[in-house]
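These are the residues of each chain, in order.
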Amino acid sequence: MESGDEEATEKHRVHLRPATLRDAAPVALHLLPCEVLANRPAPVERFFVPAIRQRPAGLEVSFRGRILRGEEVVVPPGLAGYVMVMDEKAEVLIGLERKQELKGSEDDEEEQQEGPEPLERDFDRFIRATASFARFHLWGLETIPGPDAKVRGALTWPSLAAAIHTQVPAD
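Bear in mind the structure is a predicted one, so any value in this text is a computation, not a measurement.

Observations regarding a nonpolar patch on the surface
- On the surface, a nonpolar cluster with roughly 240 Å² of combined accessible area is contributed by Leu16, Tyr82 and Met84.
- Positionally, methionine 84 belongs in strand S7 (residues 81-86).
- The exposure class assigned to methionine 84 is partly exposed, which follows from its relative accessible area of 32%.

And the structure:
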C-alpha cells in the first residue's frame, strides 16, 4: 500500500543512444551533498570552482561558505562512468518520424519479419552520454561520506552481483 507522501512512479522504457558513448569527453566530476530544484543546464563551473586542499583527514573544499570533506573515488575496473541526459520529447519525436519514414521505404519482405516492439510516444525515453569519467570526488557536509553512502553501494553492486551469479564448483 502506498503512502500519501510517495510520488507516483511513471514507468518508461529507456533506450541508450550508443554513438554518444564514443563521443563523450572526459570531465571532472563532483558529487555534492545538496539538491538543486531545477532540471536544466546551468553554468556550474561559475559557482563551484574547487580549491581542493589535502588535510590529514582527507580532502577539503568550501562551497557557499560551508566546508565539504571528501575523497576521490575511482570507478571500479571493468566499468566506465558516463554523465547521461534524457533527450527532450521533441528530439525523440523527430527521431521517431525519421524511423517511420525509413520503415516506409523498406521492402514488403522485410516488413513481414518480426521486429522490435514499436516505440510509443509517452512510454519510450532516450538517453545519451554527454561526458565520461574514470574517477570523481565524493563530498559530504562537514564529514567524509561513510561506507553506507548510496554511491558506494552502487559501485559495489556489479562485483557483488557477479560473485553471487558465479557457477559454484560441485565438491
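Observations concerning the packing of aromatic side chains
- One pass over the structure, following the stated rule, counts 1 aromatic pair.
- On the basis of an interplanar angle of 90° and a centroid distance of 5.9 Å, the ring pair of phenylalanine 133 and phenylalanine 136 is categorised as edge-to-face.
- According to the relative accessible area criterion, phenylalanine 136 is buried, its value standing at 5%.

Here's the deal with the pattern of salt bridges
- Per the stated rule, a full pass over the model turns up 8 salt bridges.
- Among the salt bridges present, the one from glutamate 72 reaches arginine 135, with a minimum N-O distance of 3.4 Å. Of the two residues, glutamate 72 sits in strand S6 (residues 66-74) while arginine 135 sits in strand S9 (residues 135-141), which places them 63 residues apart along the sequence.
- Relative accessible area serves as the criterion here: at 42%, glutamate 72 is assigned to the partly exposed category.
- Taken together, the shared-partner salt bridges in this structure form one network comprising Arg53, Arg55, Glu60 and Arg69.

Cut-offs applied
- Residues numbered from 1 in each chain as written.
- Predicted model: local features only at pLDDT ≥ 70, side-chain atom pairs only at ≥ 80, totals over all residues.
- Heavy atoms only, no water.
- Patch = residues over 30% accessible without salt bridge, like charges linked within 9 Å, V, L, I, M, F, W, Y side chains within 5 Å.
- Areas by Shrake-Rupley, 256 points an atom, 1.4 Å probe, with all protein chains shown as cover.
- Salt bridge = Lys/Arg side-chain N within 4 Å of Asp/Glu carboxyl O.
- Helix = DSSP H or I, 4+ residues; strand = E, 2+ residues; numbered from the N terminus.
- Buried < 20%, exposed > 50% of the residue type's maximum accessible area, 1.4 Å probe, protein only.
- Phe/Tyr/Trp six-rings, centres within 6.5 Å; stacked < 30°, edge-to-face > 60°.

Interpretation in functional terms is not warranted from these geometric data alone.
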